[in-house]
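# A closer look at the structure
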Amino acid sequence: MFPLTKSELLKNVEKFSEEKLVDYELKRNFDVGVPHENVSKLSPYIRRKFVTETEILKKIFKNHKYENIEKFVEEIFWRAYWRGWLETHPWIYKDYELIEDTNFIPTKTGIKCFDHWKDEIIETGYLHNHARMWFASIWIFTLGHSWESGANFFKNHLIDWCPASNTLGWRWVAGLQTFGKPYVAKAENIKSFTKGRFFPKNQLNEKIMFSEKIDKNKIALDFNLKKSQEINLDDSLGVIINNNDLALNNIFNKLKLDFECCLFNKKSRNNLVNIFEDGIYNDIIKENDNIKIIQTFEDIFKWIDENKIKNLIIPYETTGNKLFENKNFIEKIKEKKIKYLFYLRDWDKTSFPYAKKGFFNFKKNIPNILKMMKLL
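In this text, all values refer to a predicted model and were calculated from it rather than measured experimentally.

Basis of the calculations
- Residues numbered from 1 in each chain as written.
- Predicted model: local features only at pLDDT ≥ 70, side-chain atom pairs only at ≥ 80, totals over all residues.
- Heavy atoms only, no water.
- Helix = DSSP H or I, 4+ residues; strand = E, 2+ residues; numbered from the N terminus.
- Rg over C-alpha atoms; globule rule 2.2 N^0.38 Å.
- Buried < 20%, exposed > 50% of the residue type's maximum accessible area, 1.4 Å probe, protein only.
- Contact = heavy atoms within 4.5 Å.
- Areas by Shrake-Rupley, 256 points an atom, 1.4 Å probe, with all protein chains shown as cover.
- Lys, Arg positive; Asp, Glu negative; His and termini not counted.
- Charge placed at Lys NZ, Arg CZ, Asp CG, Glu CD.
- Axes fitted to C-alpha atoms, helices over the stretch in contact; angles between N-to-C directions.
- Parallel < 35°, antiparallel > 145°, perpendicular 65-115°, else oblique.
- Left-handed = near helix turned anticlockwise from the far one by under 90°.
- Pairing = 2+ DSSP bridges.
- Expected span 1.5 Å × (residues − 1).
- Core = buried A, V, L, I, M, F, W, Y, C linked by side-chain atoms within 4.5 Å.
- Phe/Tyr/Trp six-rings, centres within 6.5 Å; stacked < 30°, edge-to-face > 60°.
- Lys NZ or Arg CZ within 6 Å of the ring centre and 35° of its normal.

Turning our attention to the overall build of the protein. In terms of regular secondary structure, the protein is built from 18 helices and 5 strands. Radius of gyration (C-alpha) of the protein: 21 Å, near the 21 Å computed for a compact globule of 376 residues. Expressed as lengths along the three principal axes of its C-alpha atoms, the size of the protein is roughly 65 × 45 × 40 Å. Burial analysis of the protein (376 residues in total) assigns 52% to the buried set. Long-range contacts, defined as pairs at least 24 residues apart, comprise 73% of the intrachain contacts of the protein with a sequence gap of at least 6. When the accessible surface of the protein is totalled, it reaches about 19,000 Å², and 48% of it is carbon and sulfur. Seen as two clouds, the 61 positive and the 51 negative side-chain charges of the protein have centres 4 Å apart.

The phi torsion of most residues other than glycine is negative, and most of the peptide bonds are trans. With omega at 15°, the peptide bond leading from Val 34 into Pro 35 counts as cis. With respect to the helices, strands and loops of the structure, Pro 35 is situated in the loop between helix H2 (24-27) and helix H3 (43-48). At Lys 49, a residue that is not glycine, the phi angle is positive and equals roughly 55°. Lys 49 sits in the buried class, given a relative accessible area of 4%. Here Ser 236, not a glycine, exhibits a phi torsion of approximately 45°, which is positive. By the element assignment, Ser 236 lies in the loop between helix H11 (187-193) and strand E1 (237-241). Judged by relative accessible area, which is 30%, Ser 236 ranks as partly exposed.

Here we take up the packing of helix H14 (residues 297-306) against helix H15 (residues 327-335). To describe two helices that pack against each other, one gives the angle between their axes and the distance between the axes. The geometry of H14 relative to H15 is characterised by a closest axis approach of 12 Å and an angle of 15° between their N-to-C directions. The orientation of H14 with respect to H15, classified from their angle, is roughly parallel. Crossing of H14 over H15 shows right-handed handedness. Within the contact between the two elements, H14 uses Phe 297, Ile 300, Phe 301 and Ile 304 and H15 uses Phe 329, Lys 332 and Ile 333.

For the rest of this paragraph, the subject is the sheet that holds E1. Each strand in a sheet pairs with another by means of backbone hydrogen bonds, the pair being arranged parallel or else antiparallel. Pairing is parallel in the open sheet, where 5 strands are placed in the order E3-E2-E1-E4-E5. One side of each edge strand has no neighbouring strand; the edge strands of this open sheet are strand E3 (291-294) and strand E5 (339-343). This sheet shows a mean twist of 25° between the axes of neighbouring strands, independent of strand direction. Note: E1 against strand E4 (residues 311-315), 3 bridges, orientation parallel. Each residue of the ladder has a partner; that of Gly 238, found in E4, is Leu 312. Sitting on the sheet, helix H13 (residues 271-287) touches E1, strand E2 (259-264) and E3, and the angle it makes with E3 is about 150°. Against the sheet, H15 touches E4 and E5, its axis set at about 140° to E5.

The first and last C-alpha atoms of helix H7 (residues 112-124) sit 18 Å apart over 13 residues, in line with the 18 Å expected at 1.5 Å per residue. Looking at H7, one finds that the buried residues are Cys 113, Phe 114, Asp 115, Trp 117, Lys 118, Glu 120 and Ile 121. Contacts from the buried residues of H7 go to helix H8 (129-142), helix H9 (147-157) and H11.

Proteins that are soluble and globular tend to have nonpolar side chains buried together. With 96 residues, the main nonpolar core has Trp 117 and Phe 135 as its most contacted residues. In this structure Phe 135 touches Phe 114, Trp 117, Lys 118, Ile 121, Leu 127, Phe 153, Phe 154 and Trp 170, once residues within four positions along its chain are discounted. In this structure, Ile 294, Ile 309, Phe 324 and Tyr 340 belong to the second largest nonpolar core, which totals 23 residues.

So, about the packing of aromatic side chains. Applying the stated criterion across every chain yields a total of 43 aromatic pairs. Summarising the aromatic geometry, the rings of Tyr 96 and Trp 147 are spaced 5.7 Å apart at their centres and angled 20° between planes, so their arrangement reads as stacked. Taken as a pair, Tyr 96 in helix H6 (residues 91-98) and Trp 147 in helix H9 lie far apart in primary sequence, 51 residues in all. No difference in accessibility class separates Tyr 96 from Trp 147, as the two residues are buried. Taking 4.3 Å as the distance between ring centres and 5° as the angle between the ring planes, the aromatic pair formed by Phe 114 and Phe 135 counts as stacked. Here the residue Phe 114 occupies a position in helix H7, and Phe 135 occupies one in helix H8, the gap between them amounting to 21 residues. When its relative accessible area of 0% is taken as the criterion, Phe 114 is described as buried. Site record: aromatic cluster; members linked through ring pairs are Phe 77, Trp 78, Tyr 81, Trp 82, Trp 347, Phe 359 and Phe 362. Looking at Lys 191, its charged tip hangs above the ring of Phe 199, at a distance of 4.7 Å from the centre. When the ring centre of Phe 30 is taken as origin, the NZ or CZ atom of Lys 195, which lies over that ring, is 5.2 Å away.

So, to be careful, I would describe these as geometric facts and stop short of saying anything about function.
What follows is the structure, encoded as structure tokens:
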């Protein structure tokens, strides 16, 4: 399902645009099983910016008008919305992280659809979005597990795991995001949207008593770009790429700047994730022979010293995505008298300020965001 070269991925995008996008809105909610040809399966790549949202939409808009594919465009924006929302509500993720990060895997439940989806996640690292909603609802309301343990299960197995969309998606199903409105998995709905593959009649809790209380003292923050130092792009420049932005170097290639580049490879606990990431990393190296793969902070500092780097650019780190934004790394950089910048792309910089409230309010601004990005 997931090609490991950008050239093959972009061919898939073009094929999806030509053959599937016209019917996307009608067919996207059906889970018809692997290989899930009715959806784009772009999430593992967008999550890492191996391919960017801007690249995808530029290709798509060559063949389609915005008003004809509005639902697909909204789906592309969902990740930016979740990330922006979590930036303005960072305590949500901090509270989630306080819960023990266990690798709890439920045993066979006898609910055929749930057991199938559990195995599919573990075996493929992926699950259709509608199935994720059903799965989470059954996990919480039928099986009685905490939403946090479910979010951890996805975190430990999905190749497209993103702190914001995963945490907030589970909270949404639990009725904590759109407060008091939990998502209820219903047997008839599952039967309809799996085209009869599954029908868990009389197996699900479809009458949910919601008892959570909202904390009205927590007020959303304004999104403010983290302050960074002024750097000199023409003086011993170094660029680090990682899973927060695997294509950041392309920005500076287009500017025809001289710079050194390394790819920070932080290994996952999940072998499927490592196989996927090693594959796309190899493609990046083939296309950019000046990039060095580095796996430890110690080797990052060696790379900095060897290349006499004075100015350093690092992908921006949103809530839950912290790698380099920590006291030890920053102090070491300052000790070496290196100026640094956490670089946030215009896509996110433009989208995040609209993400303080619900998605309905956010999506009203999508045409305006596209115009500001010069995509419309």
